[in-house]
Amino acid sequence: MNRRKFLQSSAAMATVAMANRPLMSLAEEIRLANDENFWKIIRAQYEVTDDIINLEAGYWGIMSIPVTQAYMRNVHFVNQNSSYYVRRKYGQDYNAIIKRLALKLGVREDELVLTRNATEALQSLINGYNKLKPGDSIIYADLDYGSMQSEMRYLEKYRKVTVVKINLPEPASYENIIAAYEQALNDNPKCKMILLTHVSNRTGLITPVKEIAAMAKARGVDVILDAAHSWGQFDFDFQSLGVDFVGFNLHKWIGVPLGVGLLYIRKDRILDIDPLRGEGGPDNDNVRTRVHTGTMNFAAVRTIPAALDFRENIGIKNIEKRLRSLRNQWVDGVIDNKKVEILTPQDPRMYAGITSFRLKGKTSYEENHALMNKLTDDYGIFTVAIRDIYNGAGIRVSPSLYNSREDADKLAAAINQITS
Ligand SMILES: Cc1ncc(COP(=O)(O)O)c(C=O)c1O
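No experiment lies behind these values; they were computed from the predicted model shown.

### Describing the site of the ligand
Neighbouring the ligand are the residues N117, A118, T119, Y145, T197, N201, D226, A228, H229, N249 and G261. Of the residues that constitute the shell around the ligand, the class distribution is three nonpolar, seven polar and one charged.

Structural data, given as structure tokens:
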């Protein structure tokens, strides 16, 4: 059987099996998370190129076959029905999707609005946050996403505030990350707002958001949370984080088609974010006036339910366990190699699927770029070189549900051979 036929038959088999499966018991979830046959079926739900082992899912998550098929049907549907659909029925579909997303996050429907990506959501929040007065300060960290750092820096000119950048410790620990923010808050008593990144795109580090947000709140400091990499990668209780302003995307770890993000503003905080360019008047409390996307990819939006179905059928706890185990598979293979530095702590509270490494002493971006190319060209393994980590650059590894344990083993073997 050729690869395509195998994929199609297993995908069909798995789709039927998954569609008929009742909600799983915890014991069943744990069994499945460790069951290689189960993951083989899930892997077969993805049609990925044979040209390369793709360990760079952090850019975005490719769609599974059922989601791709739903998307293709939706592209066809939207194209066929055009403005007739969008003007008359899209609003209902949109509201139903928002309702489902709100239910999943445990928030109100009128606290969410779709965007085209996390960048758009976070730019609206950072730029629109209107509680800053000249002379106040705001804080962000070196591991925050580049364009969010720029957006924060822009507030110096736009809101006349002092913008403070802190460097997060490397190696990081649960305690020293919290301590770094505590120190920054102590050093900047005029701080009114901080940007936190739930999962760093540079190292995969999970920030202890709950603890830092509580600390900030106790001092009257607001948190804007960049959740571009967290929702869908691991299981967490969104409500318990205690954050009022959040930007997500759905095209990384939820697996929807490219071009869908989400903005959350807690209902009683809506007036603290300006309506976009005066839209709807300053006192209106409709979250949908806090962003203006222009024309969206309607077919991508209509595909959100299919992506949620797919992932809910697997179960977020299972997804998290699988991503962690793929991560541990390659990390365990190199952890005793004295020439390798793992840049993400081994504390399970601080990582999920993504982890970065560098070869000891190789801190320049150029060296890491060359290593990325070597892994690609000589070993057929695709990763990405990452710059601007405190002690230098590194290589980010982000596996996904289409990867196997063998993929992770091949990476570890390649690193060990390169350093031998
Ligand atoms: C931490 C982080 N924030 C924000 C973004 C931007 O996400 P989007 O591409 O959805 O705008 C990314 C994308 O890689 C990211 O890694």
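Read on, since the account is not over.
### Comments concerning the domain arrangement of the protein
Domain annotation of the protein identifies domain 1 (46–62 + 315–418) and domain 2 (73–307). A separation of 27 Å is found between the C-alpha centroids of domain 1 and domain 2. Going through the elements one at a time, α12 (316–334), β10 (355–359) and β12 (384–389) are the ones with two or more residues in the side of domain 1 that touches domain 2. With four residues, the single largest contributor to the side of domain 1 that touches domain 2 is α12. The residue makeup of the side of domain 1 that touches domain 2, split by class, is twelve nonpolar, seven polar and six charged.

### Here's the deal with the sheet that holds strand β8 (residues 261–265)
Across the sheet, which stays open at both edges, the seven strands sit in the order β2-β8-β7-β6-β5-β3-β4 with mixed pairing between neighbours. Unpaired on one side and paired on the other, β2 (112–115) and β4 (162–166) mark the two borders of the sheet. Each strand axis lies, on average, 15 degrees off the axis of its neighbour in the sheet, ignoring direction. Note that strand β7 (residues 245–249) and β8 share five bridges and pair antiparallel. Residue pairing for β8: N249 is matched across the bridge by G261.

### Notes on the environment of F357
Residue position: F357 is located in strand β10. Classification of F357 by C-beta neighbours within 10 Å gives buried; the count is 25. Here the alpha-carbon distance between F357 and I386, two residues 29 residues apart in the chain, equals 9.8 Å. Not counting residues up to four positions away in its chain, the partners in contact with F357 are V340, E341, I342, L343, G394 and I395.

### Observations regarding the environment of H76
Residue position: H76 is located in helix α4 (residues 65–88). C-alpha separation for the pair H76 and A299, spaced 223 residues apart in sequence, amounts to 8.3 Å.

### Section: the sheet that holds β10
Taken in spatial order, the four strands line up as β9-β10-β13-β12 in an open sheet, and their pairing is antiparallel. Taken across any chain shown, the strands that pair with only one partner, and hence form the sheet edges, are β9 (340–342) and β12. Neighbouring strand axes in the sheet, compared pairwise and without regard to direction, differ in orientation by 40 degrees on average. In the sheet, β12 pairs with strand β13 (residues 392–397) via four bridges, with the strands oriented antiparallel. By the bridge assignment for β13, I386 is matched with G394.

Definitions and cut-offs
Residues numbered from 1 in each chain as written. Predicted model: local features only at pLDDT ≥ 70, side-chain atom pairs only at ≥ 80, totals over all residues. Near = placed C-beta within 6 Å. Nonpolar A, V, L, I, M, F, W, Y, C, P; charged D, E, K, R; others polar. Domains from an automatic or database assignment. Helix = DSSP H or I, 4+ residues; strand = E, 2+ residues; numbered from the N terminus. Pairing = 2+ DSSP bridges. Axes fitted to C-alpha atoms, helices over the stretch in contact; angles between N-to-C directions. Buried ≥ 20, exposed ≤ 12 C-beta atoms within 10 Å, placed from the backbone. Contact = placed C-beta atoms within 7 Å.

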